[in-house]
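# Structural characterization, general
So the chains spell out like this:
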Amino acid sequence: MGKEKFRIRLTLNQMVLLGTLLIILLTGTLVSHNFLTLRNMLSIFQQMSEMGIMALGLTLCILTGGNDLSAGTTMGLCAVITGVCLTSGMPVGLAMVCSLAVAVICGCINALLISVMKVPPMIATLGTQMFFNGVALVISKGNSISNIPESFYFFGQGKVLGIPVQAIVLLVLTAALSIVLKRKVLGRYIIAIGNNIKAAAYAGIDTVKVLFAVYILCSLMCCFAGNIQVARVATARADMGGVFLMQCISAVVLGGTSINGGRGGVGGTVLGVFIFAMISNIMNLAGASSFWQQFATGSILVLVVVFNCITEMSQKRIRVFSSREARKLRSKK
Amino acid sequence: MKKLVSLFLAAMLAAMAFAGCAGSGTTKDIPAADSGAEASYTIALVPQQVGIPYFETSNDWAQKAGDDLGCTVIYTGPTSGDAAAQANIIQDLITKQVDCIAVSPLDSSAIAPVLKQAQDEGILVITWDSDIDDTSLRKMYVNCSTEQLLGEHLMQRLAHYMGEEGEYAIITSVLTAQNCSAWAKFATEYQEANYPNMTRVAYEPCDDDQAKAYSITQNMMTAYPNLQGVLGVTSTAPSSAAQAVREAGKSGEIIVTGVVEASVSREYLLDGSMQEANIWHPGKLGYLTIFTAMTLLNGDTLTDKQDIPQVGLVNVVDDQVIMTELLDITAENVNEYDF
Amino acid sequence: MNRLFERREAGVLCILLVLGIALAVYSPAFLTQVNIKNILVNNSALAIMAVGMTLVLITGGIDVSVASQMMFSATLLAEFSFLPFANPFTIVLAAIVIGAVTGSINGLLISHFNIDPIIITLGTNSIYRGIILVYTSGRWIMNLPGWFTAFSKTVGGVLPLPVVYVVLLLVLTAYILRYTSFGRAVYACGGNVEAARRAGINVNRTIFRTYAYTGVLCGIAGLVQDSILGNCQPAGSNGWEMNVIAAAVIGGTNILGGSGTMAGTAIGVLLMGVIENGLVVAHVPTYWQKLVYGVIIIMTVTIDILRKNRADAGHQLIEID
């Protein structure tokens with residue numbers, strides 16, 4: 001058996017995504033000749049890592065056909081826990097363990113509501129979103145926690161071989177989750193549940209266990225993101241990550257994951273996050289008002305999604321048309 | 001998806017290769033509007049949040065300063081009170097290689113790492129309106145008064161109208177806002193030390209949302225029937241509080257003061273629902289910031305009691321430039337101010 | 001009478017009454033006319049948006065752009081009110097038109113392209129907010145004319161007009177839901193889209209109209225908000241969409257679609273308003289607010305689900321040997 005030729009066959013969505021990426025890269029180089037420099041790219045990586053890691057977790061939830069609106073506030077809660085632990089003198093390792101433990105608890109609460117009690121994910125996570133935010137606010141009394149010890153800074157400000165630590169974490173997590181989704185049984189189960197949860201259950205998949213894994217993984221991702229941000233800005237606040245949520249969901253969808261689940265992957269998500277981060281960066285380099293950034297992010301999301309839809313519809317039409325033609329030819333013979 | 005991931009990595013490598021070709025260092029972005037033979041300086045004015053009238057006024061005057069002094073002023077900041085977003089913006093400004101970053105920090109320690117980066121790159125860093133903890137990271141701090149002085153002054157004026165007794169409440173923006181919390185803290189401490197007959201009954205955030213400030217004031221009037229004063233330490237709060245007081249028919253009974261612009265407070269000062277606005281001219285502060293930046297970029301220093309055009313006399317104490325005009329705006333003089 | 005108690009809304013009403021009584025006992029100032037009026041008026045814009053959101057949720061969709069649509073309308077109306085031909089009639093017309101435009105854009109994109117509502121409304125959320133912020137740079141629009149703020153005055157010292165608007169819109173929408181074919185189509189689309197389509201219902205048109213109607217309601221909410229506050233802060237009302245959704249969900253609207261009532265939504269809005277007010281009245285710091293909201297939502301949906309499971313269990317086949 002010969003070796004399979006490495007062919008790149010892209011779906012239409014992936015082509016649109018790459019096209020958007022190239023257009024933005026081009027725009028960036030036109031705006032500023034500092035854009036396409038190594039240093040700026042690394043800077044973008046550093047800025048997008050927190051959002052990217054959260055988006056990875058969200059991808060898993062959305063792939064199962066659910067959603068995790070509590071992702072942002074889980075990040076804030078984990079950040080506050082880390083902050084409180086570190087400022088009370090705990091060593092870095094122990095503080096991180098506490099924070100991870102809290103994240104697991106958050107994920108369990110979500111999974112309990114969604115998979116065991118069968119509460120629709122949107123409502124369940126809307127409730128837990130407010131609840132986690134509330135807990136974080138009460139613990140921190142709404143204040144920001146400063147005096148984070150310098151030993152913790154490495155995760156957010158350190159560099160390994162010139163690459164920011166958080167970018168490495170993002171790449172490693174992306175690769176790991178990609179392998180899980182493509183190669184491991186858990187990944188198969190996730191996609192199956194996303195396609196049709198009842199059918200998956202009938203096929204013998206333990207949907208409760210899989211959903212627990214998914215939501216706990218998502219919360220863990222948020223925990224990583226929270227800790228990285230605390231390390232980056234040397235402060236812990238309950239409202240960290242709040243603004244990320246909607247952007248992350250947008251990035252996941254932009255990256256080709258279907259919001260109803262069953263289709264998509266982490267690679268596209270990272271691309272989506274990268275696109276949003278670049279837009280932000282280009283606008284800052286151009287000195288454009290931050291309000292234009294909001295407008296641009298929303299517009300690009302709508303444009304890409306609509307464009308995808310139109311091209312899919314015309315593809316379907318072409319297919320139907322060509323199959324009709326083929327049938328006509330066959331019947332003529 | 002693996003193909004997509006590998007394509008992504010390939011695209012990144014290509015981008016880095018391009019970047020390598022473009023040169024390892026970053027070059028200055030020379031502004032297009034450059035008429036003279038010499039390159040003019042680019043100063044980035046970074047507020048705590050864009051979309052707040054206080055900072056927008058600072059920007060208007062800063063742009064004027066840019067025209068007067070012959071430099072380019074870029075105004076950009078986060079759209080929400082997010083310190084991490086402010087850090088991102090500063091990082092991009094460093095990439096853009098501006099000559100000076102003048103920042104009003106949202107959080108006194110959150111942007112320390114990026115400011116250090118800026119300093120290492122040779123970019124001048126100054127702070128305005130609010131300061132950071134590690135003062136070695138910035139050359140100068142342009143402000144109107146120290147946080148302690150302002151906090152005490154706010155309390156003095158409130159107490160003056162309240163007759164130095166009664167219950168009062170403080171409304172702030174978000175609890176994590178550094179300068180607002182500092183003003184509230186110093187005001188409360190001053191009250192505890194000097195006005196024993198006054199009691200603070202509530203300290204609530206309004207998230208810089210006037211609808212929230214309005215409903216909080218109404219709820220506080222219900223919760224504390226003997227409430228006699230409301231101090232708004234964020235510019236969103238006093239006018240909404242005054243509106244609530246006016247509608248409850250308690251104008252003059254409940255004292256409303258705080259940090260707020262003349263234009264926003266005018267109607268309430270004139271009809272008596274607000275007693276006083278204690279603020280400085282944000283425009284002049286913005287102008288002074290640009291002036292300070294230009295002075296430092298040109299290698300000069302500011303002298304104490306220097307008279308700066310458009311701004312007036314300033315005090316220079318160590319590494320602080322203090323605009324000496326803390327204004328007490330009342331119904332009598334509100335029409336003199338244009339901000 | 002028993003049937004009344006079995007209704008979903010009864011549960012939330014009980015929670016509301018218990019909370020209200022507890023607060024009244026704790027603080028005599030809670031049940032005063034002024035305080036009740038404050039709660040009602042301060043939540044009227046939220047209530048109007050929640051009416052629209054209920055409709056959208058019933059069809060199985062979601063609209064996270066309601067707060068932006070409201071501020072979009074509020075900003076434009078504030079600017080409009082200074083024009084020479086602005087008067088109470090034209091401004092109401094303007095509110096309806098602006099809201100219809102923003103809502104129709106959502107509706108068109110969702111129904112015509114068959115894209116999931118959350119994505120479209122996420123995008124339009126940023127777009128509408130971005131537009132007004134670029135246009136105003138966040139500057140407040142102050143000193144709205146007296147005839148504009150008169151929209152929210154209290155008649156006879158007792159009846160606040162915003163409450164009248166809310167009640168009128170609630171009754172109107174309840175009527176639409178119950179007695180018009182559009183209302184029936186809304187429920188049908190939420191219950192089972194395919195079945196609705198095969199029953200001959202024009203699903204696309206129904207969805208479009210739902211979002212357009214929600215847009216109109218957001219436009220009116222903007223008008224009411226402006227008149228209550230007397231000025232417009234374009235950067236305000238951030239994040240209100242979550243509270244709107246929460247209110248509808250607490251009131252019993254099923255987020256998957258197919259069920260929801262105006263009465264439930266009204267109770268949901270009231271409950272959230274009472275919590276916000278009650279915390280201050282009870283001298284509790286307001287940073288507890290989110291926690292309480294979260295607990296209430298989790299509690300109500302848990303009770304919902306448990307009750308549903310129990311009802312379903314009652315329908316099991318019993319085998320008799």
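Being a predicted model, the structure only gives us computed values, none of them experimental.

Along chain A, the regular secondary structure elements total 13 helices and two strands. A globule of 333 residues ought to have a C-alpha radius of gyration of about 20 Å, and chain A, at 22 Å, matches this closely. C-alpha extents for chain A along the principal axes are approximately 85 × 55 × 45 Å. Put simply, chain A has 333 residues, and 59% of those count as buried. For chain A, long-range pairs separated by at least 24 residues make up 76% of all intrachain contacts whose partners lie at least 6 apart in sequence. As displayed, chain A has an accessible area near 13700 Å², and 66% of this comes from carbon and sulfur atoms. Positive and negative side-chain charges of chain A, numbering 26 and 8 respectively, have mean locations separated by a distance of 13 Å.

Residue and element names in this part refer to chain B. Taken together, the eight strands give an open sheet; going across it, the order is β2-β1-β3-β4-β5-β13-β12-β11, and neighbouring strands pair in mixed fashion. Looking along the sheet, the strands with just one partner apiece sit at the ends: β2 (72–75) and β11 (306–308). The mean angle between the axes of side-by-side strands here comes to 25°, regardless of whether they run parallel or antiparallel. Pairing of strand β12 (residues 312–317) with strand β13 (residues 320–323), which is carried by four bridges, proceeds in the antiparallel orientation. Residue pairing across strands places Val317 opposite Gln320, the latter belonging to β13. Running over the sheet, helix α2 (residues 53–69) touches β1 (42–46), β2 and β4 (124–128) and is turned about 165° from β2.

Residue and element names in this part refer to chain B. Within the open sheet, the six strands sit side by side as β7-β6-β8-β9-β10-β14. Their pairing is mixed. Among the strands making up the open sheet, the edge pair consists of β7 (198–205) and β14 (327–329). In this sheet, adjacent strand axes meet at a mean angle of 20° when their direction is disregarded. Strand direction decides the pairing type here: strand β10 (residues 276–279) and β14, joined by three bridges, are antiparallel. When the bridges of β14 are listed, Ala277 appears paired with Ile329. Of the strands in this sheet, β6 (166–172), β8 (227–232) and β9 (255–258) are in contact with helix α8 (residues 237–247), which crosses β9 at around 170°.

Glancing now at the nonpolar core. If you look at the biggest cluster of nonpolar residues, it comprises 283 residues, and the most contacted ones within it are Phe35, Met48 and Ile249 of chain A, Met220, Trp280 and Ile329 of chain B together with Met49 of chain C. No other element matches helix α2 (residues 38–63) of chain A, which puts 14 residues into this core. Looking at this core, you find at least three residues from each of domain 1 (9–145 + 282–325) and domain 2 (147–279) of chain B. If we skip the residues at most four places from it in the chain, Met48 of chain A touches Leu170, Val270, Val273, Phe274 and Ala277 of chain A. Core analysis: the second largest hydrophobic core is formed by 50 residues, Leu77, Val138 and Ala231 of chain A together with Ile101 of chain B among them.

Okay, the packing of aromatic side chains next. In total, this model carries 16 aromatic pairs over all chains according to the counting rule given. With a centroid separation of 6.1 Å and an interplanar angle of 50°, the aromatic rings of Phe131 of chain A and Phe132 of chain A are classed as tilted. By relative accessible area, which is 2% here, Phe132 of chain A ends up buried. Pairing Tyr54 of chain B with Phe55 of chain B gives two aromatic rings, centres 5.0 Å apart and planes at 80°, and the pair type is edge-to-face. Members of the aromatic cluster, connected to one another through ring pairs, are Tyr54, Phe55, Trp128, Trp183 and Trp280 of chain B. Positioned above the aromatic ring of Trp61 of chain B is the side chain of Lys64 of chain B, whose terminal nitrogen or guanidinium carbon lies 3.8 Å from the ring centre.

Quick look at the interface of chain B and chain C now. With 29 residues of chain B at the interface, the matching set in chain C holds 31 residues. Of the roughly 2500 Å² buried at the junction of chain B and chain C (both faces included), carbon and sulfur atoms supply 49%. Of the charged contacts, one joins Arg139 of chain C and Asp60 of chain B as a salt bridge, the two residues approaching to 3.0 Å between their closest N and O atoms. Taken together, chain B and chain C are joined by 13 residue pairs in polar contact (both at pLDDT 80 or more).

What follows covers the pairing of β13 of chain B. Residues and elements named next belong to chain B. Here β13 shows a buried face lined by Gln320 and Ile322 and a second buried face lined by Val321 and Met323. The pairing of strand β5 (residues 140–143) with β13 spans three bridges and is classified as parallel. Each bridged residue has a counterpart across the sheet, and for Tyr141 the counterpart in β13 is Gln320. Hairpin connection between β12 and β13: a loop of two residues separates the two successive antiparallel strands, and Asp318 in this loop has a positive phi of roughly 50°.

Further remarks concern a nonpolar patch on the surface. A cluster of nonpolar side chains, contributed by Phe154, Val160, Leu161, Ile163, Ile168 and Val172 of chain A, occupies part of the molecular surface with about 550 Å² of accessible area. Structurally, the position occupied by Leu161 of chain A is in the loop between β1 (159–160) and β2 (163–164).

All names here are of chain B. A complete count under the given rule lists zero disulfides over all chains for this structure. Not engaged in a disulfide, the cysteine Cys100 finds its nearest cysteine sulfur in Cys71; these two sulfurs lie 9.3 Å apart. According to the relative accessible area criterion, Cys100 is buried, its value standing at 0%. Sulfur of Cys180: no disulfide; nearest cysteine sulfur belongs to Cys206 and is 8.7 Å away. Overall, Cys180 belongs to the buried group, its relative accessible area being 7%.

In this section: the side chain of Thr188 of chain B. Relative to the helices and strands, Thr188 of chain B resides in helix α6 (residues 178–194). For Thr188 of chain B, the residues in contact, after removing those within four places along its chain, are Tyr168, Ile170 and Arg200 of chain B.

Residue and element names in this part refer to chain A. Along the chain, the position of Asn196 falls in the loop between α8 (185–195) and α9 (197–202). Overall, Asn196 belongs to the partly exposed group, its relative accessible area being 40%. Between the alpha carbons of Asn196 and Leu217 there is a distance of 21 Å; along the sequence they are 21 residues apart.

Within the structure shown, the criterion is met by 16 salt bridges over all chains. Arg232 of chain A is the partner of Glu50 of chain A in a salt bridge, and the nearest nitrogen-oxygen pair spans 2.7 Å. Of this pair, Glu50 of chain A sits in helix α2 while Arg232 of chain A sits in helix α10 (residues 207–233), placing them 182 residues apart in sequence. The exposure classification of Glu50 of chain A matches that of Arg232 of chain A, with both residues buried. Across the pair Arg198 of chain C and Glu194 of chain C runs a salt bridge whose closest N-O atoms are separated by 3.3 Å.

Even without glycine at this site, Asp318 of chain B takes up a positive phi of about 50°. With relative accessibility at 73%, the residue Asp318 of chain B sits in the exposed group.

Mapped onto the secondary structure, Leu31 of chain C falls in the loop between α2 (8–26) and α3 (33–42). Each residue touching Leu31 of chain C, except ones within four places of it in the same chain, is listed here: Ala24 and Ile36 of chain C.

A separate point is the confidence of the model for chain A. Across chain A, the average pLDDT comes to 88, with 97% of residues at 70 or higher. Segment residues 1–6 of chain A is flagged for pLDDT under 50; beyond a separation of four residues in sequence, or across chains, it makes one contact in the model.

With that settled, the discussion passes to the confidence of the model for chain C. Residue and element names in this part refer to chain C. Mean pLDDT for chain C: 89, with 96% of residues reaching 70 or above. Within chain C, helix α5 (residues 66–80) carries the highest mean pLDDT (96), whereas helix α1 (residues 2–6) carries the lowest (61). Note on the complex model: pTM 0.88, ipTM 0.87.

Reading the values: the criteria
Residues numbered from 1 in each chain as written. Chains lettered and ligands numbered in written order. Predicted model: local features only at pLDDT ≥ 70, side-chain atom pairs only at ≥ 80, totals over all residues. Heavy atoms only, no water. Helix = DSSP H or I, 4+ residues; strand = E, 2+ residues; numbered from the N terminus. Rg over C-alpha atoms; globule rule 2.2 N^0.38 Å. Buried < 20%, exposed > 50% of the residue type's maximum accessible area, 1.4 Å probe, protein only. Contact = heavy atoms within 4.5 Å. Areas by Shrake-Rupley, 256 points an atom, 1.4 Å probe, with all protein chains shown as cover. Lys, Arg positive; Asp, Glu negative; His and termini not counted. Charge placed at Lys NZ, Arg CZ, Asp CG, Glu CD. Pairing = 2+ DSSP bridges. Axes fitted to C-alpha atoms, helices over the stretch in contact; angles between N-to-C directions. Core = buried A, V, L, I, M, F, W, Y, C linked by side-chain atoms within 4.5 Å. Domains from an automatic or database assignment. Phe/Tyr/Trp six-rings, centres within 6.5 Å; stacked < 30°, edge-to-face > 60°. Lys NZ or Arg CZ within 6 Å of the ring centre and 35° of its normal. Buried area = accessible area lost by both parts, 1.4 Å probe. Salt bridge = Lys/Arg side-chain N within 4 Å of Asp/Glu carboxyl O. Polar contact = N/O pair within 3.5 Å; in protein donor to acceptor, adjacent residues only side chain to side chain. Patch = residues over 30% accessible without salt bridge, like charges linked within 9 Å, V, L, I, M, F, W, Y side chains within 5 Å. Disulfide = S-S within 2.5 Å. pLDDT = per-residue confidence, 0-100.

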